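Residues per chain, in single letters:
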Amino acid sequence: MKIKDILQNGKLNLSLEVFPPKEWLKVDDTLRVVDQMALLRPSFISVTYGAAGGTKAYTKKIAEHIQNESKIPALAHLTCVGASKEQADELLTAFRQSSVTNILALRGDIPSDSEYPKDFIHASDLIRYIKDHGDFCVGGACYPEGHPEAASIDRDMDMLKIKEDSGVDFFTTQMFFDNNIFYCFLNKLYQKQINTPVIAGVMPITAASQVKRVMKLSGTVVPPRFRAIVEKFGDNPAAMQQAGIVYAAEQIIDLYANGVQNVHVYTMNKPQVATALKNNLQEILK
Ligand code: FAD
């Protein structure tokens, strides 16, 4: 099933995420994580793509498992910087053959060495390429606080318009911890006449160490309310996990109450976190 159709079903859609291991021998562990997550019947499960495509075979295998064994729509991430058109064709053919028809088209992080294929420069180049090469449903990334490289949020929004014009079917946001930032972002999209559906990205923070890592990698603002939780419970792993899950559940309840029906949960290969979160939302999801 295409994700663009799922997003229009009028229900609260929760999707989950896994990432591939660094070694082939550990792929089976990730497949077990997928099986546990599949029991929760999420709207779809996404699988990330390792930096510079280093683990692309694992992403492919995991996406195929989600789609064909778990029978849950799979969203395979695909990055394009440093990839050639031939490499993209090879993966697209494999995805088509295994009925993986949802792809999140990303640029990825620019390699430090400047000698790499320049077939794709921006994610919008990959979006257009995929749309021209099969009946795929293609998503793109967006950043409620602006992409770290963008000169301004306004300029970043103009680049989202290019993604829309390239044929993107939906956007998934970078994680955010303050829903007001997301609501402002939706307002800016409206002003720019960008009408593509947006999936809100929420990450349950379950360990104090995660906060620093998330801030460093994504530049996401951690609001004072959440900082207070980390200060209070950061040294108590069980309490921190519970507080982080409740915080994410509250974010989702507020989003849903304000008309946002599509939420992607950055579950980071933790089915127990996904299960606890779903339990917190049991009545709301009925
Ligand atoms: P782009 O859309 O190309 O944007 C990158 C920068 O270029 C932005 O500043 C933008 O404003 C600017 N820009 C965009 N288009 C143009 C244009 N036409 N002309 C001029 N400037 C332009 N990384 C991975 O390695 N693997 C993953 O699986 C992965 N999954 C992700 C999932 C989500 C939901 C998100 C939000 C990010 C993910 N990332 C992943 C990280 C992502 O690869 C990085 O954030 C990367 O730096 C930018 O990717 P992008 O697709 O947003 O790039």
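Refer to the preceding data block for the structure.
Heads up: these notes are all about the structure in this document. Not measured: the values here are computed from a predicted model.

**Digging into the sheet that holds strand β3 (residues 74–79)**
Reasoning step 1: Pairing within the closed barrel is parallel, and its eight strands lie in the order β1-β2-β3-β4-β5-β6-β7-β8. Across the sheet, the mean angle separating the axes of adjacent strands is 30° when strand polarity is ignored.
Reasoning step 2: When strand β7 (residues 198–202) meets strand β8 (residues 262–265), the two strands line up parallel, connected through three bridges. The residue of β8 that forms the bridge with Val202 is Val265.
Reasoning step 3: Contacts from helix α7 (residues 179–191) reach β5 (137–142), β6 (170–173) and β7 within the one sheet, and its direction differs from that of β7 by about 160°.

**Some points on unusual backbone geometry**
What is expected of a backbone is that most residues other than glycine have negative phi and most peptide bonds are trans.
Reasoning step 1: Even without a glycine there, the phi angle at Arg41 is positive, about 50°.
Reasoning step 2: The residue Arg41 is located in the loop between α2 (27–38) and β2 (45–47) in this model.
Reasoning step 3: The exposed category is assigned to Arg41, whose relative accessible area is 52%.
Reasoning step 4: With a phi angle near 45°, Met268 is a residue other than glycine that sits in the positive phi range.
Reasoning step 5: Locating Met268 in the fold gives a position in the loop between β8 and α11 (271–280).

**What to know about the environment of Leu14**
Reasoning step 1: Of note, Leu14 is situated in strand β1 (residues 13–18).
Reasoning step 2: Using a relative accessible area of 11% as the deciding quantity, one classes Leu14 as buried.
Reasoning step 3: For the pair Leu14 and Pro42, spaced 28 residues apart in sequence, the C-alpha separation works out to 5.7 Å.

What counts and what doesn't
- Residues numbered from 1 in each chain as written.
- Predicted model: local features only at pLDDT ≥ 70, side-chain atom pairs only at ≥ 80, totals over all residues.
- Heavy atoms only, no water.
- Pairing = 2+ DSSP bridges.
- Helix = DSSP H or I, 4+ residues; strand = E, 2+ residues; numbered from the N terminus.
- Axes fitted to C-alpha atoms, helices over the stretch in contact; angles between N-to-C directions.
- Contact = heavy atoms within 4.5 Å.
- Buried < 20%, exposed > 50% of the residue type's maximum accessible area, 1.4 Å probe, protein only.

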